[in-house]
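Structural overview for review
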Amino acid sequence: MQFREHRIVGDILELAEKYSRSGADEIVFYDITASPDGRTVDRTWVNKVAALLDIPFCVAGGIRSVADAEEILGHGADKISVNSPALENPALISELARRFGSQCVILGVDSRMVGESWQVYQYAGDENRITSTSRATLEWIAEAQQRGVGEIVLNCMNRDGVRNGYDIDQLATAKNSCDVPLIASGGAGVMQDFEEVFNVADVSGALAASVFHDHSFSIPDLKQYLHMADIEVRL
Amino acid sequence: MSGADVAIVDSGGANIASLQYALDRLGVGSTLTGDPRTIESASHVILPGVGAAAEAMRRLSQSGLSKVIADLRQPVLGICLGMQLFARFSEEERTECLGIVPDSAEKLRPSPQAPVPNIGWCRVRQSATHKLFAGIDCGSYFYFVHSYAIGCGEHTLATADHATPFTAVLAYKNFFASQFHPERSAAAGAKFLSNFLRISS
């Protein structure tokens, strides 16, 4: 599937409630077509999600300014995640961190191996506009931390949606240059993939979508499995 | 808890809605306010805070609320930055805080096992029984998002670990505080908030 052919997975409020009740530790709402379309994430639902959820949630998609972020956080989101707009204007990260504190500023990075090194991609939400950037992934991660980002979600594009496991090499390498929490994204297919990414790449968290949307396994089953594998999880 | 009349101190932080929603889910009304009289007459006061200590203290001092808060006699709950503002001093931009407790808030030191900010669910261990923890198992998980913390001291009621232990909950007279966000800590957090609202003056 990778980043093509996005599917509608159902009413977001219903899903949000279902996942929070089943033990998700955090929910990230991506409006991945917001940046390519030049529009900002539609915020009417953020209030409703905030009223419903008693776990943290993050909103990503087309946040281009401090004012955009202020509105989303004011509606009750706990964190905001920036990706393409930060590539266009890296100072955005510094401005957001100064205004809201590093802890609620997340950087999403879409990355894949090109030749010998990992490169950052932009507008990964739109197959017609996706472009490679001149940035090396590890350099971008370092710069974002200097600018005060609080957490990094590294989406390994070559793995996204294909369910062959997380990109352990890339994540372990990135982890070595991260003082802030690193969250693995892209590639989860079976429960062992989560065990591997925590044990080998030593990430702070693992993000997955399609395995849960498609009911490959449930969050409680996954947490029980990780608990039995001696990985600390909130049960 | 009916009859609880909660004032949430408006210290200019952006993330107040989630706290108000959590109180709504408990069936408790709340007012976000910077008005000293409303704060003084509330049954319970909550000092939230997301953002930087210096900026929050500047706002509280300018509006005269720093003295109002320190003089309150009803139960007061500081959350996250609100807890750090109870301290005498914060290492964050070397900020003089409210001085309700003599401790100071110090920067967490990053290590590969313990990145900073500390973001995520941590176990909270009570060091004494207290009504704030009624019905909450010792070692329950709560949600933390912070780069500074108050070390363990005589007012520490519960601790969490981030490489080293720090104060997760403190209690001193009518002042209570949590470094975690009870409004985002699922069932354990809701119980903690409702326990606070059951404490009477």
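Note that this is a predicted model, so its numbers are computed, not measured.

Calculation rules
Residues numbered from 1 in each chain as written. Chains lettered and ligands numbered in written order. Predicted model: local features only at pLDDT ≥ 70, side-chain atom pairs only at ≥ 80, totals over all residues. Contact = placed C-beta atoms within 7 Å. Helix = DSSP H or I, 4+ residues; strand = E, 2+ residues; numbered from the N terminus. Nonpolar A, V, L, I, M, F, W, Y, C, P; charged D, E, K, R; others polar. Core = buried A, V, L, I, M, F, W, Y, C linked by C-beta atoms within 7 Å. Buried ≥ 20, exposed ≤ 12 C-beta atoms within 10 Å, placed from the backbone. Arc of directions from axis to C-beta. Pairing = 2+ DSSP bridges. Axes fitted to C-alpha atoms, helices over the stretch in contact; angles between N-to-C directions.

This paragraph deals with the interface of chain A and chain B. Tallying the contact residues gives 26 residues for chain A and 26 residues for chain B. Breaking the side of chain A that touches chain B down by element, the ones donating at least two residues are α2 (44-52) and α3 (66-74) of chain A. It is α3(A) that contributes the most residues to the side of chain A that touches chain B, three residues altogether. Residue composition of the side of chain A that touches chain B, grouped by class: 10 nonpolar, nine polar and seven charged.

Within the largest apolar cluster, 134 residues are counted, with the highest numbers of intra-cluster contacts made by Ile80(A), Ile152(A), Ala184(A), Ala206(A) and Phe86(B). Here the element with the most residues in this core is helix α6 (residues 186-198) of chain B; it accounts for six residues. Contact partners of Phe86(B), with chain neighbours within four places excluded, come to Gly78(B), Cys97(B), Leu98(B), Ile100(B), Val101(B), Phe175(B) and Ala177(B).

Another aspect to go through is helix α1 (residues 17-25) of chain B. For α1(B), the complete set of buried residues consists of Ser18(B), Leu19(B), Gln20(B), Tyr21(B), Ala22(B) and Leu23(B). Where α1(B) is buried, its residues meet α2 of chain A together with β1 (6-9), β2 (30-33), β3 (44-47) and α6 of chain B. Positioned one or two residues after α1(B), Gly27(B) has a phi angle of 75°, which is positive.

Another point: the environment of Arg123(B). Residues and elements named next belong to chain B. Along the chain, the position of Arg-123 falls in strand β8 (residues 118-126). Judged by the 17 C-beta atoms lying within 10 Å of it, Arg-123 falls in the partly exposed class. For the pair Arg-123 and Phe-142, spaced 19 residues apart in sequence, the C-alpha to C-alpha distance is 6.4 Å.

With that out of the way, let us pick up helix α7 (residues 168-176) of chain A. All names here are of chain A. Residues of α7 that are buried include every one of Gln-170, Leu-171, Ala-174 and Lys-175, and no others. Viewed end-on, α7 has its buried residues packed into an arc of 135°, placing them on one side of the element. At its buried positions, α7 is contacted by β4 (105-114), β5 (117-122), α6 (137-146), β7 (151-156), β8 (182-185) and α8 (191-199).

A word on the sheet that holds strand β9 (residues 140-146) of chain B. Neighbouring strands of a sheet are bound in pairs by backbone hydrogen bonds; such pairs are parallel or else antiparallel. Residue and element names in this part refer to chain B. Strand order across the open sheet formed by nine strands is β2-β1-β3-β4-β13-β12-β11-β8-β9, with mixed pairing between neighbours. Whereas interior strands pair on both sides, the edge strands pair on one side only; in this sheet they are β2 and β9. Looking at each pair of strands side by side, their axes are set apart by 30° on average, direction ignored. Each of β3, β4 (76-79), β9 and β13 (175-178) touches α6; the most contacted strand, β9, lies at about 85° to it.

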